[in-house]
Amino acid sequence: MEMFPYASMRDSFDLRSYVVLGPDDTKGRDVADVVRYALHGGASFIQLRAKHADVRDIVAMAADIAAVIEDEGKADTVAFVIDDRVDAALEARHKGIKVDGVHIGQDDNDPQEARRLLGRDAIVGLSAKTPDDMRRAEALPQGTVDYLGAGPWHETSTKPDCIVVGDDGVKHTLDAATLHALHALTTLPIVVGGGVKAADIPDLAASDADGWFVVSAVTAADDPEAATRELVDAWQAVRGDTMHDHPAAALLPTTLPAALSIASTDSSGGAGVPVDIKTMMANGVFAECVICAITAQNTKGVTHLEELSPQAIVKQIDAVYDDIAPAAVKIGMVPSIEGINAVADGLQANKATNIVVDPVMVATSGAKLINDDAIATLTSRLFPMATLITPNLPETRVLLETIGSSIDPQDEDGMEQAGLAIAQHFGCSVLVKGGHGLADANDVLVNADGTTQWFRGERINNPNTHGTGCTLSSAIAANLAKGQTLVDAIANAKRYITGALRQMLELGTGSGPFDHAWMWR
Ligand SMILES: Cc1ncc(COP(=O)(O)OP(=O)(O)O)c(N)n1
Ligand SMILES: Cc1nc(C(=O)O)sc1CCOP(=O)(O)O
Ligand SMILES: [Mg+2]
């Protein structure tokens, strides 16, 4: 998120003195002014809760509040989140306004969606007031939510609907015993509010709460600064200076599965190693590469091809496995017998697994990408090592020819028979891609044991298909690296490429590339 240049507060936010406010609460006073008073009184966390404002107004208010926090020298210590509106928080962050995250309720955005949209740097707070809420929060993927908001401590006119109605049909406020039971169900810090006034703080501070949140105790006070200070001091008198932990930040993954592309470059970036790297990155893995040849290429064709020596190929493979060993490999264009042997030797020596071979033979532009005599080496050395090979229909025909089969893969039955003949001959699974057929984009996975699975795809009427084979095979490899089954890896890779084609990107004068970062637009 390059427009949001601030350090994440996920490992430092302070829930102890949490002030929630919006234009409905401040008795006609400017919200940012009340924030300034609350900061003077010691507020450690601010939430903008503007229930009747649109995104534009929320973002404008957020800009004013963020400016006040900055002006008070507290941008690094006081976290600022927006209630409910992930869209507004996203918009503000894109504008470079220091909004640290969101607070969402059980009826608002899905927390996983909020995390996906806002990214790993943002704070995501979630309301959770029943044992079921707690269990659902705990069942979320690690690091999704940073803290929980529970309540109400008392019924409150600020949010009359916040009261919990139990299975007994009776309205329940939160007390220390109930909070204790909820606290036992989570590792996340819990901030407690709802009708909280200064007189409640000693009891709250003696409970399992990690902090208090208030609206009216501060916003309706004639002197919001003094009101905040009273709350802060009362908490401090019981708890001293101890602060809660930040378990979600500690759970943030600091590693990624790696996937390796062994292929050749395409200077136009639409195919080969460049596009494999884009695809792998978009599919959530760390991309590595071994370059076998360099092509001078664009959407119109290939004007030059220069191979690397077998030694250079093996050295690259060894370097990759010696340090960041990939969990899956995609093999693309390797033009010569020597290159293919080097790839096979290198992968064998390093005990590579999860190998997806895209038997690249001819580019979308019509250019030949492998020497005729190398096809036999490709099939005899690389196919037996492969988990999956991904021929399109023309490549399937060439492969059938090499094994002396007369099967014609012109219809679905023919594709299944062709896949089976190839799978049984080489002992690997085969994804016969129907994209070069006329009517649809249906592919069939055929395993050497004869089992088959169809993947029905939406055919996108997009003339720009440069790099489709590279994209699909590297997306499958990325998904295998993440631990997906072969079937899931293929299904998800097809979803990814469909989204990329749907963007209808127009680049170049030939059959152009498509949008590999479509999900981030
Ligand atoms: C810190 C904190 N805790 C709870 C809430 C309530 O959120 P929600 O249940 O989504 O209700 P609304 O505030 O959206 O009416 C909160 N805002 N902040
Ligand atoms: C926003 C909110 N959420 C609650 C919950 O129980 O989830 S109570 C509440 C309102 C708190 O306002 P006041 O401090 O004025 O009572
Ligand atoms: Mg809400």
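Residues numbered from 1 in each chain as written. Chains lettered and ligands numbered in written order. Predicted model: local features only at pLDDT ≥ 70, side-chain atom pairs only at ≥ 80, totals over all residues. Heavy atoms only, no water.

Asks: Could you give an account of the coordination of the magnesium ion (ligand 3), with specific residues and numbers?
Replies: In the first shell of the magnesium ion (ligand 3), the protein supplies Asp84 (OD) and Asp108 (OD), at 1.9 to 2.1 Å from the metal. Here aspartate 84 is found in the loop between strand 3 (79–83) and helix 3 (86–94), whereas its partner aspartate 108 is found in the loop between strand 4 (101–104) and helix 4 (111–118), with 24 residues between them in sequence. Overall, the relative accessible area of 16% leaves aspartate 84 in the buried class. A relative accessible area of 32% means that aspartate 108 is categorised as partly exposed. (Donors = N, O, S within 2.8 Å, 3.2 Å for Na, K, Ca; no water. Helix = DSSP H or I, 4+ residues; strand = E, 2+ residues; numbered from the N terminus. Buried < 20%, exposed > 50% of the residue type's maximum accessible area, 1.4 Å probe, protein only.)

Asks: If you had to explain the UniProt feature "binding site: Mg(2+)" (unreviewed entry) in the chain to someone new, which residues and values would you point to?
Replies: Within this structure's numbering, the places UniProt gives as "binding site: Mg(2+)" (unreviewed entry) are Asp84 and Asp108. Across 25 residues, the annotated set stays spatially compact, with a maximum C-alpha separation of 6.1 Å. At 2.4 Å, the side chain of aspartate 84 forms a polar contact with the side chain of lysine 51. Of the polar contacts made by the side chain of aspartate 108, one reaches the backbone nitrogen of glycine 105; its length is 2.5 Å. (UniProt positions renumbered as here; feature names shortened; annotations may be inferred. Polar contact = N/O pair within 3.5 Å; in protein donor to acceptor, adjacent residues only side chain to side chain.)

Asks: Any chance you could break down the packing of helix 1 (residues 31–41) against helix 9 (residues 224–239) for me, citing the residues and the numbers?
Replies: When two helices pack together, their arrangement is given by the angle between the helix axes and the distance between those axes. Two elements in contact, helix 1 and helix 9, have axes separated by 7 Å at closest approach and are oriented at 35°. As for how helix 1 packs across helix 9, the hand of that crossing is right-handed. On helix 9, the residues that touch Val34, Tyr37, Ala38, His40 and Gly41 of helix 1 are Pro224, Glu225, Thr228, Arg229 and Val232. For the contact of helix 1 with helix 9, the residue count by class is five nonpolar, three polar and two charged. (Axes fitted to C-alpha atoms, helices over the stretch in contact; angles between N-to-C directions. Left-handed = near helix turned anticlockwise from the far one by under 90°. Contact = heavy atoms within 4.5 Å. Nonpolar A, V, L, I, M, F, W, Y, C, P; charged D, E, K, R; others polar.)

Asks: Run through the site of ligand 2, naming residues and quoting values.
Replies: What surrounds ligand 2 is a group of 14 residues, the closest being Thr156, Thr158, Gly195, Val215 and Ser216. In the model, an oxygen atom of ligand 2 is placed 2.6 Å from a nitrogen or oxygen of the threonine 156 side chain. At a separation of 2.8 Å, an oxygen atom of ligand 2 approaches a polar backbone atom of valine 215. Within the complex, the protein chains bury 95% of what would otherwise be the 420 Å² of accessible surface of ligand 2. Residue classes in the shell around ligand 2 are distributed as five nonpolar, six polar and three charged. (Near = heavy atom within 4 Å. Areas by Shrake-Rupley, 256 points an atom, 1.4 Å probe, with all protein chains shown as cover.)

Asks: If you had to explain the nonpolar core to someone new, which residues and values would you point to?
Replies: Core analysis: the largest hydrophobic core is formed by 66 residues, its most contacted members being Val35, Ile46, Leu48, Phe80, Leu148 and Trp212. For this core, the leading source of residues is helix 2 (residues 55–71), giving eight residues. Not counting the four nearest positions on each side in its chain, leucine 48 is found in contact with Leu21, Gly22, Val31, Ile58, Met61, Ala62, Ile65, Phe80, Val81, Ile82 and Asp83. (Core = buried A, V, L, I, M, F, W, Y, C linked by side-chain atoms within 4.5 Å.)

Asks: Go over the side chain of threonine 295, please, and point to the residues and values.
Replies: By the secondary structure assignment, threonine 295 is in strand 12 (residues 286–298). At 2.8 Å, the side chain of threonine 295 and the side chain of glutamine 297 are in polar contact. Those residues within four positions of threonine 295 in sequence are excluded, and the remaining contacts are Thr265, Asp266, Ser267, Val302, His304, Leu305 and Met333.

Asks: Give me the lowdown on the site of ligand 1, citing residues and values where you can.
Replies: Around ligand 1 there are 14 residues in total, and Gln47, Arg49, Lys51, Asp84 and Ser127 lie nearest to it. Contacts to ligand 1 include glutamine 47, whose side-chain N or O atom sits 2.9 Å from a nitrogen atom. In isolation ligand 1 offers 420 Å² of accessible surface; the protein chains occlude 89% of this area. Looking at side-chain class alone, the shell around ligand 1 contains three nonpolar, five polar and six charged residues.

Asks: Which residues make up the sheet that holds strand 12, and what values go with them?
Replies: Reading across from one edge, 13-12-11-14-15-16-17-18-19 is the order of the nine strands in this open sheet, with mixed pairing throughout. In this open sheet, the two edge strands, each paired with only one partner strand, are strand 13 (301–307) and strand 19 (452–455). Where strand 11 (residues 258–266) meets strand 14 (residues 328–331), four bridges bridge the pair, whose relative direction is parallel. Of the residues in strand 14, the one forming a bridge with isoleucine 262 is isoleucine 331. (Pairing = 2+ DSSP bridges.)

Asks: Lay out the packing of helix 2 against helix 3 with the relevant residues and their values.
Replies: Between helix 2 and helix 3, the least distance of the axes is 9 Å, while the angle of their chain directions is 55°. Accordingly, the angle class assigned to the pair helix 2 and helix 3 is oblique. The interaxial crossing formed by helix 2 with helix 3 has right-handed handedness. Contacts between helix 2 and helix 3 involve Val55, Ile58 and Val59 on the former and, on the latter, Asp87, Ala88, Glu91 and Ala92. Looking at the contact of helix 2 with helix 3 residue by residue, the classes come out as five nonpolar, no polar and two charged. (Parallel < 35°, antiparallel > 145°, perpendicular 65-115°, else oblique.)

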